[in-house]
Amino acid sequence: MADRLLVDAMLGKLATHLRMCGYDAAYALDRGVEADDRLLAIAAEEGRVLLTRDRQLAMRAAESLALEAHGIRDQLRELQAAGYNLTLAAPPVRCGTCNGHLDAVTADEPTPASVPSPDAESVWQCRDCGQYFWQGSHWDDVAQTLAEL
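Residues numbered from 1 in each chain as written. Predicted model: local features only at pLDDT ≥ 70, side-chain atom pairs only at ≥ 80, totals over all residues. Heavy atoms only, no water.

**Student:** Any chance you could break down the sheet that holds strand β6 (residues 123-126) for me, citing the residues and the numbers?
**Tutor:** Spatial strand order, β5-β6-β7: 3 strands in an open sheet with antiparallel pairing. The open sheet has two edge strands, β5 (102-104) and β7 (132-134), and neither has a second partner. Sheet twist, expressed as the mean angle between neighbouring strand axes with direction ignored, is 35 degrees. One ladder, built from 3 bridges, connects β6 with β7; its direction is antiparallel. The residue of β7 that forms the bridge with Q125 is Y132. (Pairing = 2+ DSSP bridges. Helix = DSSP H or I, 4+ residues; strand = E, 2+ residues; numbered from the N terminus. Axes fitted to C-alpha atoms, helices over the stretch in contact; angles between N-to-C directions.)

Below you can see the structure in the form of C-alpha cells.
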C-alpha cells in the first residue's frame, strides 16, 4: 500500500486518523484545493493515491481508492479491507493538524503550560506548525476505534 495519500475535502477526519497511523496524508483543504483537476494534478505530481468518496473523480485518477462510507469507522474499515495498516505509529511521526514531521521534545526544552512536561511524558512537536502532541485521551480514543475495526 502506498504511504503517500491525498485525502479529498470530504474526508478530513480520515486524514487525521491516517496521520496518526504514520501515513503521509495530505488533505485537500489544508492546501486550499477543492477543484477536481487540481486534486488530480497534485496526486500525479506527488505520487499520491487519491482517497475520495467521488467515484467519478476516483476513476480519473492514476491511483485512487473510492470510499463509500460516510462515517469514520466505516471508512477505516474500507481502508483496512483494501490492505492499509491501521495501527497507531509508535512513536508518532506525523502532525495530525498539518501532516508535518514530528520531533521528540527533550526534557530540557521549554514547553507551554498546556503541554505535559517532557520529563514526565513523551511529547513531540511538529516541525512545520509547531503544534505539540502527546499520547493523551485523544490518542486513547483513536486506539480504541482502531482496535474495534
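**Student:** Which residues make up helix α2 (residues 36-46), and what values do they have?
**Tutor:** Those residues of α2 that sit buried are L39, L40, I42 and A43. An end-on view of α2 places all buried positions within 160 degrees of arc, on one side of the element. Facing away from the buried side of α2 by over 90 degrees, the exposed positions are D37, A44 and E45. Backbone geometry just after α2 places G47 at a positive phi near 60 degrees. (Buried < 20%, exposed > 50% of the residue type's maximum accessible area, 1.4 Å probe, protein only. Arc of directions from axis to C-beta.)

**Student:** Explain the pairing of β6 to me, and be specific about the residues and the numbers.
**Tutor:** Here 3 bridges tie β5 to β6, and the two strands are oriented antiparallel to one another. Counted as the bridge partner of D103 is Q125 from β6.

**Student:** So what's going on with the environment of A28? Residues and values would help.
**Tutor:** Position of A28 among the secondary structure elements: in the loop between β2 (24-27) and α2. For A28 and A15, which are 13 residues apart along the polypeptide, the C-alpha to C-alpha distance reads 9.6 Å. Each residue touching A28, except ones within four places of it in the same chain, is listed here: L6, V7, D8, A9, V33 and L39. (Contact = heavy atoms within 4.5 Å.)

**Student:** With reference to specific residues and values, describe the pairing of strand β3 (residues 49-52).
**Tutor:** Residues V49 and L51 line one face of β3 and the alternating positions L50 and T52 line the opposite face, and both faces are buried. Strand direction decides the pairing type here: strand β1 (residues 4-7) and β3, joined by 3 bridges, are parallel. Within β3, the residue paired with L5 across the bridge is V49. Note: β3 against strand β4 (residues 64-66), 3 bridges, orientation parallel. Residue pairing in the sheet places T52 in a bridge with A66 of β4. With helix α3 (residues 55-60) bridging β3 and its parallel neighbour β4, the resulting β-α-β unit is right-handed. (Right-handed = clockwise from strand over helix to strand, strands pointing away.)

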